[in-house]
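One-letter residues, chain by chain:
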Amino acid sequence: MRKKQHLITKIPILGGKCFICRNTRSGDMWQFQQWIKEERRYVRISLKTKDRHEAAELAEKKFTETLGRIHSGEKIFSITAEELVSRYLKYLEEQVV
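Residues numbered from 1 in each chain as written. Predicted model: local features only at pLDDT ≥ 70, side-chain atom pairs only at ≥ 80, totals over all residues. Heavy atoms only, no water.

### Notes on the overall build of the protein
When helices and strands are counted, the protein shows two helices and four strands. Beginning at the N terminus, the succession of helices and strands in the protein can be written as β-β-β-β-α-α. Computed over the C-alpha atoms, the radius of gyration of the protein is 18 Å, more than 25% above the 13 Å expected from 2.2 N^0.38 for a compact globule of 97 residues. Along the first, second and third principal axes, the C-alpha atoms of the protein reach 60 × 35 × 20 Å. The proportion of buried residues among the 97 residues of the protein is 27%. (Helix = DSSP H or I, 4+ residues; strand = E, 2+ residues; numbered from the N terminus. Rg over C-alpha atoms; globule rule 2.2 N^0.38 Å. Buried < 20%, exposed > 50% of the residue type's maximum accessible area, 1.4 Å probe, protein only.)

What follows is the structure, given as C-alpha cells:
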C-alpha cells in the first residue's frame, strides 16, 4: 500500500497547462506535473532544484518536450499489462487462422 502524499505547494505554469509542486516526500525539491489527456494520467518528474524560478523555467522546457513527443505520436507511458495480454491474444488468434 502506498503512503499518502500531501502537497505542500502547487504553482500553475503556462496558465495552468502544467504545474510545479512540492510534497512531503520531495521536501524542498520541485517536481514537474502535467496531465496527459490521451493517456488519462499525470506525468510527474523531479526537476532536481530547490529554486522556484529555475523550476518554473525547467517546467516550461519539460512541457514543450512532452507536448512535442505527444504530437509526434509517441506514447509517454508504457503499455499496461492488460493491454499487453490483449495484444498477445490478438497475435495468437492471427497465428491460428
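What follows picks up the thread again.
### Digging into the packing of aromatic side chains
According to the stated counting rule, one finds two aromatic pairs in the structure shown. Measuring from centroid to centroid gives 4.9 Å for Trp 35 and Tyr 42, while their planes differ by 65 degrees, and the two rings are edge-to-face. By relative accessible area, which is 42% here, Trp 35 ends up partly exposed. Residue placement shows Lys 10 over the ring face of Phe 19; its charged tip is 4.5 Å from the ring centre. Over the ring of Phe 77 we find Arg 41; its NZ or CZ atom is 3.9 Å from the centre of that ring. (Phe/Tyr/Trp six-rings, centres within 6.5 Å; stacked < 30°, edge-to-face > 60°. Lys NZ or Arg CZ within 6 Å of the ring centre and 35° of its normal.)

### Some points on the pairing of strand β1 (residues 7-13)
Here β1 runs beside strand β2 (residues 18-23); their pairing, made up of six bridges, is antiparallel. Note on β2: the bridge partner recorded for Pro 12 is Phe 19. Joining the antiparallel neighbours β1 and β2 is a turn of four residues, in which Leu 14 adopts a positive phi near 55 degrees. (Pairing = 2+ DSSP bridges.)

### Regarding helix α1 (residues 52-71)
Given a rise of 1.5 Å per residue, 20 residues ought to cover 28 Å, and the 28 Å separating the end C-alpha atoms of α1 matches this to within 8%. Where α1 is buried, its residues meet β1, β2 and β3 (31-36). Looking one or two residues past α1, Gly 73 carries a phi angle of roughly 90 degrees, positive in sign. (Expected span 1.5 Å × (residues − 1). Contact = heavy atoms within 4.5 Å.)

### Re the nonpolar core
Ile 13, Ile 20, Phe 32 and Leu 47 are the most contacted members of the largest nonpolar core, which totals 16 residues. For this core, the secondary structure elements donating two or more residues are β1, β2, β3 and α1. Apart from the residues lying within four places of it in its own chain, the contact partners of Phe 32 are Cys 18, Phe 19, Val 43, Arg 44, Ile 45, Leu 47, Ala 59, Lys 62, Phe 63 and Thr 66. (Core = buried A, V, L, I, M, F, W, Y, C linked by side-chain atoms within 4.5 Å.)

### Describing the state of the cysteines
Here, the word disulfide means a covalent bond between the sulfur atoms of two cysteines. Under the definition given, this model contains zero disulfides. A disulfide-free cysteine, Cys 18 has its sulfur positioned 10 Å from the sulfur of Cys 21, the nearest such atom. Of the residues examined, Cys 18 reaches a relative accessible area of 0% and is grouped as buried. For Cys 21, a relative accessible area of 0% corresponds to the buried category. (Disulfide = S-S within 2.5 Å.)

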